[in-house]
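# A structural walkthrough
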Amino acid sequence: MSSPTLVVTGATGFVGRHLVRVAHDAGYRVWAVGREQTAPEEIATLLDEYFEADLTREWPVTAPVDAVIHLAGLAAVGPSFDAPQRYIEVNSRMVTVMCEAILDAGHPTRVLAVSSGAVYAPRLDGALVTESSPTGATSPYAVAKLLVESQAAYYSHRGIDIAVARPFNHIGPGQDPGFIVPDLTRAVRELADGERLRVGNLETARDYTDVRDVAGAYVAIVSAGQRRDFIYNVASGASRTGHEILTAICEELGRPVPPLIVDAARLRPGDPARITGSAERLRTEFGWAPTIDWRRSVAEFVATQEAPPTV
């Protein structure tokens, strides 16, 4: 019996590169879709097929496949405020193009559409966020993801076996700038001795899961013989403050925590003090649980980053 085939869209990104490896190790024949002409060297040997495509225009996979994990799309909350309509159009159009092609092919294909924990309305009480917690259109990014989820529900009614994952914050080796661990690591490395570090609000706490555990959750969902639900949170169930993250980074760099100066421009009014996701549904149904401690995630990220050249 041949191995099942899994398509990973957005395979050349931070999560996609890890997902390719996790899926390969789980026994899948992995087909990747990306915008680059060729697959990155680090995943090329793990792939059975690679497709260069603009998913807003075409679905490049014509052969039958068993499953798709759809990661591709515009990511991150902050930049969405500068291009709201682009976020909505790009993320939505990709789902339409993909799902219409799957319907036309007529082959049973399980699909996991990756949304975000950012779709939940802010909880000022700090309670665990479950799949039944209220959602809120608090950014163009959240609006785009909620639209993607609505499209997934529509295509479910059309007959596609589709589910939605809502991951909370990811960390781990290979993460791009624009997120807390890469940005603080770079800032501390470039800081002169005795200089104050300019930061946002490091008092807030967020739920961080290692990207490899997140990838494992996605594979668990598409691999299950049956599933009971439509939406699944992917979260660690614990939150860490920005100060804890900074302290861990400084420990890995062998530097003391520097004096801080809070930059008012980086503060978000009304930002909840704590956001913690519950992945009890995922744990109960599929036996998934995070295996990589957040400190190890930080340590491995720091270890894989090149130090800036000395002058």
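The shown structure was predicted, so the numbers you read here are calculated from the model rather than taken from an experiment.

Quick look at the sheet that holds strand β3 (residues 49-52) now. In space, the 7 strands of this open sheet follow the order β3-β2-β1-β4-β5-β6-β11, with parallel pairing throughout. Of all the strands in the sheet, the pair left with one neighbour each is β3 and β11 (231-234). Put simply, the sheet's adjacent strands are angled 20° from each other on average, direction ignored. For strand β4 (residues 67-70) and strand β5 (residues 110-114), the ladder comprises 4 bridges, and the chain directions are parallel. Within β5, the position partnered with A67 by the bridge is R110. Contacting β1 (5-9), β4, β5, β6 (161-167) and β11, helix α6 (residues 211-223) crosses the sheet at an angle of about 150° to β5.

Within the structure shown, the criterion is met by 1 cavity of 30 Å³ or more. Each pocket or cavity is described by its volume, and for the largest cavity that value is around 30 Å³. Surrounding the largest cavity, H70, A72, N91, V95, V114, K145 and V148 form its lining. Classifying every residue of the lining of the largest cavity by side-chain character gives 4 nonpolar, 2 polar and 1 charged.

This next bit is on the packing of aromatic side chains. For any two aromatic rings, the description comes down to two numbers: the centre-to-centre distance and the angle of the planes. Counted under the stated rule, the structure contains 5 aromatic pairs. Where Y120 meets F168, the ring centres are 6.0 Å apart and the plane angle is 25°; that geometry is what we call stacked. In this pair, Y120 is assigned in the loop between β5 and α4 (140-157) and F168 in the loop between β6 and β7 (169-171), connecting sequence segments 48 residues apart. Residue classification places Y120 among the buried residues on the basis of a relative accessible area of 7%. Each ring, one from Y232 and one from F286, has its centre 5.2 Å from the other, and the planes form 50°; the classification is tilted.

With respect to the helices and strands, the residue R206 is situated in strand β9 (residues 205-206). Taking relative accessible area as the criterion, R206 reaches 11% and is therefore assigned buried. Side-chain polar atoms of R206 contact the backbone oxygen of P272, separated by 3.0 Å. Non-local contacts of R206, meaning those with residues more than four positions away in its chain, are made with N169, A238, S239, R240, D271, P272, A273, R274 and I275.

For β5, a buried count of 5 out of 5 residues is recorded, marking the element as mostly surrounded by other parts of the structure. Judged by which residues are buried, β5 turns out to be covered on both faces: R110, L112 and V114 on one side and V111 and A113 on the other are all buried. Taken together, β4, helix α3 (residues 84-105) and β5 form a β-α-β motif whose crossover is right-handed. Note that β5 and β6 share 5 bridges and pair parallel. Paired with V111 across the strands is I162, a residue of β6. Handedness of the crossover joining β5 and β6 through α4: right-handed.

The next point concerns α6. End to end, α6 covers 18 Å across 13 residues, agreeing with the expected 18 Å (1.5 Å per residue, within 8%). Every buried residue belonging to α6 is among V211, D213, V214, A215, A217, Y218, V219, I221 and V222, and all of these are buried.

Calculation rules
- Here, residues in each chain are numbered from 1, in the same order as that chain's written sequence.
- Local features in this predicted model are restricted to residues of pLDDT 70 or higher, and side-chain atom pairs are both shown and tallied only at a pLDDT of 80 or more, whereas totals for entire chains, interfaces and linings draw on every residue.
- Values reported for side chains reflect all heavy atoms of the structure, with hydrogen atoms and water molecules removed beforehand.
- Any two strands with at least two DSSP-identified bridges between them are counted as paired.
- Strands are runs of DSSP state E lasting at least 2 residues, helices are runs of H or I lasting at least 4, and numbering of each runs from the N terminus.
- To define axes, lines are fitted to C-alpha atoms, for helices over the stretch in contact only, and angles between the resulting N-to-C directions are given on a 0 to 180 degree scale.
- Any two residues whose heavy atoms approach within 4.5 Å are treated as being in contact.
- Only protein atoms enter the 1 Å grid, on which a cavity is a set of points fitting a 1.4 Å probe that cannot get out and a pocket is an open set with protein on both sides within 12 Å along at least 5 of 7 lines, lining residues being those with an atom within 4 Å of a point.
- Grid points are joined across faces, edges and corners, and a volume is the space filled by probe spheres set on the points.
- In this classification, the charged set is Asp, Glu, Lys and Arg, the nonpolar set is Ala, Val, Leu, Ile, Met, Phe, Trp, Tyr, Cys and Pro, and all remaining amino acids, among them Gly, are polar.
- Between the rings of Phe, Tyr and Trp (Trp by its six-membered ring), a pair exists once the centres lie within 6.5 Å; its type follows the angle of the planes, with under 30 degrees stacked, over 60 edge-to-face, and the other angles tilted.
- Burial classes follow relative accessibility: with a 1.4 Å probe on protein chains only, a residue under 20% of its type's maximum area counts as buried, one over 50% as exposed, and anything between as partly exposed.
- For the purposes of these results, a polar contact is taken to be a pair of N or O atoms within 3.5 Å, where, inside protein, one atom must be able to donate a hydrogen and its partner to accept one; residues adjacent in sequence count only when each atom of the pair is a side-chain atom.
- Seen with its strands pointing away from the viewer, a crossover is right-handed when the path leading from the first strand over the helix to the second is clockwise.
- Expected span of a helix: the number of residues minus one, times 1.5 Å.

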